[in-house]
Amino acid sequence: MAWDFATEPEFEEKLVWMRQFVREEIFPIETLDLSHDHMTKLIKPLQDEVRARGLWAAHLPAELGGMGFGQVKLGLMHEILGQSPYGPVVFGNNAPDSGNAELLAAGMEMVEGREDIRERWLQPLLDGTMRSGFSMTEPNTAGSDPRLLQSRAVRDGDEWVINGRKWYTTNGSVADILIVMAVTNPDVHPYQGSSMFVVPVTTPGVNIIRDVGSMDDPHVTYGRFGNHAEIVYDDVRVPADHLIGPEGSGFLLAQTRLGPGRIHHCMRWLGQSQRAFDMMCERALSRYTHGSLLAEKQTVLNWIADSKAEMHAARLMTLHAAWKMDQVGASASRDEIAMIKYYGATVLHDVIDRAIQTYGSLGYSADMPLEAMYRWARAARIYDGPDEVHRQTVARHALKNYTASEVPTDFIPTRTVAAREKFASILEFLEAETV
Ligand SMILES: Cc1cc2nc3c(=O)[nH]c(=O)nc-3n(C[C@H](O)[C@H](O)[C@H](O)COP(=O)(O)OP(=O)(O)OC[C@H]3O[C@@H](n4cnc5c(N)ncnc54)[C@H](O)[C@@H]3O)c2cc1C
């Protein structure tokens, strides 16, 4: 099948507008240190403009209030928005709300008669009037292997009772609802034994212990957008209809959420990489040392050349994964999605690292955005599944195409014997001719 990432000219016009809008209206916001409330007010007119252009919350299918773009177009859009941490917020598709909306939409479709999900949680998330967190990772079990989850939800009459400790619930301390993954049946295979629940933060027993200080923000101030909360769920009771999808569908829903999310992450990382690359090139042409500009030093030229090639490779790989997902769905594109996760995260890290090096002490300082970009970039190798897990998936699938062989298939001595047998008559003839 031929690959085709082309998009129609009308969509290219939208991308042109987005590029200019992000550069002129969103980049300047980054330098302002505003409270969440002030920031919300500042970006409101920008969000209104995005809505007026029909680009708000574009990630969902048209029937759910999105644009029905598909992954290639969404990917191209995220590449532009991802240049700034505020891009996705202004366009109504920031994590974790966008992924949670996709998860709620999928849950709604899995069970008949659950239209109520749209009105109660999905639409408010899309409208931006409700905020959410995704509470899956636990401090005491390996997040890389959610089969080990310890949080439990037990049915009690018309309610579910949830107990567990979670952390790294991004936006947990500013959320209205939390989507919690917990084991509902420990007696079956973990893939069928976990479920997702909507838990309003005001429910008794939801104890938000703290926002975890991290490389994002080591001296974290509680309750800021983008923080990562540690939460204890202590006999939290939610009505039975707060279960999303059928009981036991937690893993399925998690995959629904993570597949497109990884493509969008990778394209946002490319937006970040391109920004770091632009900064690196500008500095290389401006800084003079040891008799020439940095742009004339072989090492710096290599950094520029390697960064450009790696970003190009990551972009093609990501667009291909997006295109394949549009053609055959997330499950059949698992390897492609896994490959861009670890390849893209490494490219992001390496390009920013080289840009910092090109700037020297200025790159390390907070006078340039690079140090913050570097800290965010470091997380990319961990969240959405650590890179090592994705590498393992890809390598294991690759190995399925091979069988063990005591003598290597390409062992030259055995191949020579086989070739001599195969061409025996002609070799005999040629040898006789030579004599
Ligand atoms: C910035 C950020 C935001 C996050 N947001 C959320 C969120 O909103 N909601 C949420 O639920 N979680 C969130 N997380 C948590 C994230 O999903 C987990 O950190 C991740 O799944 C890894 O789990 P862990 O930290 O428990 O690491 P562990 O599972 O303890 O793994 C530690 C390390 O072991 C290695 N490892 C693991 N498995 C293998 C393997 N098979 N082969 C080789 N090496 C391996 C890897 O190097 C890995 O980094 C976030 C994390 C970060 C950093």
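Residues numbered from 1 in each chain as written. Predicted model: local features only at pLDDT ≥ 70, side-chain atom pairs only at ≥ 80, totals over all residues.

1. What to know about the site of the ligand
Rules: By definition, a residue lies near a molecule or strand provided its backbone-derived C-beta atom is within 6 Å of it. The helix count covers DSSP runs of H or I at least four residues long, the strand count covers runs of E at least two residues long, and both are numbered beginning at the N terminus. Three classes are used: nonpolar for Ala, Val, Leu, Ile, Met, Phe, Trp, Tyr, Cys and Pro, charged for Asp, Glu, Lys and Arg, and polar for all others, with Gly counted as polar. Where each domain begins and ends follows an automated or database-derived domain assignment.
The local shell around the ligand holds 20 residues, among which Met136, Ala142, Gly143, Ser144 and Glu388 are the closest. Secondary structure elements with two or more residues in the shell around the ligand: β1 (132-135), β3 (159-170) and α13 (387-399). Partitioned by chemical class, the residues of the shell around the ligand number ten nonpolar, nine polar and one charged. Inspection of the shell around the ligand shows a minimum of three residues originating in each of domain 2 (131-244) and domain 3 (252-399).

2. Some words on the domain arrangement of the protein
Our working rule: We call two residues in contact whenever the C-beta atoms placed from their backbones are within 7 Å.
According to the domain assignment, the protein contains domain 1 (9-110), domain 2 (131-244) and domain 3 (252-399). Of the residues lining the interface, 18 residues belong to domain 1; the matching set on domain 3 comes to 22 residues. Of all the secondary structure elements, the ones that give two or more residues to the side of domain 1 that touches domain 3 are α3 (71-81) and α5 (97-110). Take the side of domain 1 that touches domain 3: its biggest share by element is eight residues, from α3.

3. Points about the environment of Val201
Here Val201 lies in the loop between β5 (194-200) and β6 (206-211). The spatial distance from the C-alpha of Val201 to the C-alpha of Asp116 is 19 Å, given a sequence separation of 85 residues. Apart from residues no more than four positions distant in its own chain, Val201 is found in contact with Ala175, Asp176, Ile177, Leu178 and Val206.

4. A few points about the nonpolar core
Here is the rule: In this usage, the nonpolar core is the set of buried Ala, Val, Leu, Ile, Met, Phe, Trp, Tyr and Cys residues whose C-beta atoms join them within 7 Å. Here the C-beta atoms are placed from the backbone, and a residue counts as buried if at least 20 other C-beta atoms lie within 10 Å of its own, exposed if 12 or fewer do, and partly exposed otherwise.
Grouped together as the largest cluster of nonpolar side chains are 98 residues, with contacts concentrated most on Ile162, Phe197, Val199 and Ala355. With 14 residues, the top contributor of residues to this core is helix α10 (residues 334-359).

5. Points about the packing of α5 against helix α6 (residues 116-127)
How two helices pack is summed up by the angle between their axes together with the distance between the axes. As a reminder, the rule being used: The axes are straight lines fitted to the C-alpha atoms, using for helices just the contacting stretch, and the angles between their N-to-C directions are given from 0 to 180°. In what follows, roughly perpendicular refers to angles from 65 to 115 degrees, roughly parallel to angles under 35, roughly antiparallel to angles over 145, and oblique to any angle outside these ranges. It is the rotation of the near helix from the far one that decides the hand of a crossing: anticlockwise by less than a right angle makes it left-handed, clockwise makes it right-handed.
One way to put it is that α5 packs onto α6 with a least axis distance of 9 Å and a crossing angle of 155°. As summarised for this structure, α5 and α6 are arranged roughly antiparallel, according to the angle between their axes. Judged by the twist between their axes, the crossing of α5 over α6 is left-handed. Seen from α5, the contacting residues are Asp97, Asn100, Ala101, Leu104, Ala105, Gly107 and Met108; seen from α6, they are Ile117, Arg118, Trp121, Leu122, Leu125 and Leu126. Classifying every residue of the contact of α5 with α6 gives nine nonpolar, two polar and two charged.

6. Concerning the environment of Ala101
Positionally, Ala101 belongs in helix α5. For Ala101, a count of 27 C-beta atoms within 10 Å corresponds to the buried category. A C-alpha to C-alpha distance of 9.7 Å links Ala101 and Ala57, two positions 44 residues apart in sequence. Among residues more than four places away in sequence, those in contact with Ala101 are Leu60, Leu122, Leu125 and Leu126.

7. Brief notes about the pairing of β5
Formally: By this definition, two strands are paired if DSSP reports at least two bridges between them.
A large share of β5 lies buried, amounting to six of its seven residues. In this structure, strand β4 (residues 177-183) lies alongside β5, joined through seven bridges in antiparallel fashion. Looking at the pairing, Ile179 lines up with Val198 of β5.

8. Topic: the environment of Ile162
By the element assignment, Ile162 lies in strand β3. The class of Ile162 is buried, set by 27 C-beta atoms lying within 10 Å. The sequence separation of Ile162 and Glu336 amounts to 174 residues, and the corresponding C-alpha distance is 36 Å. In this structure, Ile162 is in contact with Ser151, Ala153, Val180, Ala182, Phe197, Val199, Tyr233, Val236 and Val238, ignoring residues within four places of it in sequence.

9. Things to note about the packing of α10 against helix α12 (residues 370-380)
Remark: α10 packs on α12, axes separated minimally by 9 Å, with the N-to-C direction vectors making an angle of 155°. With respect to each other, α10 and α12 are oriented roughly antiparallel. Read as a crossing pair, α10 and α12 show a hand that is left-handed. In this structure, α10 contributes Ala345, Leu348, His349, Ile352, Asp353, Ala355, Ile356 and Tyr359 to the contact, and α12 contributes Leu370, Met373, Tyr374, Ala377, Arg378 and Ala380. Here the contact of α10 with α12 is built from residues that sort into eleven nonpolar, one polar and two charged.

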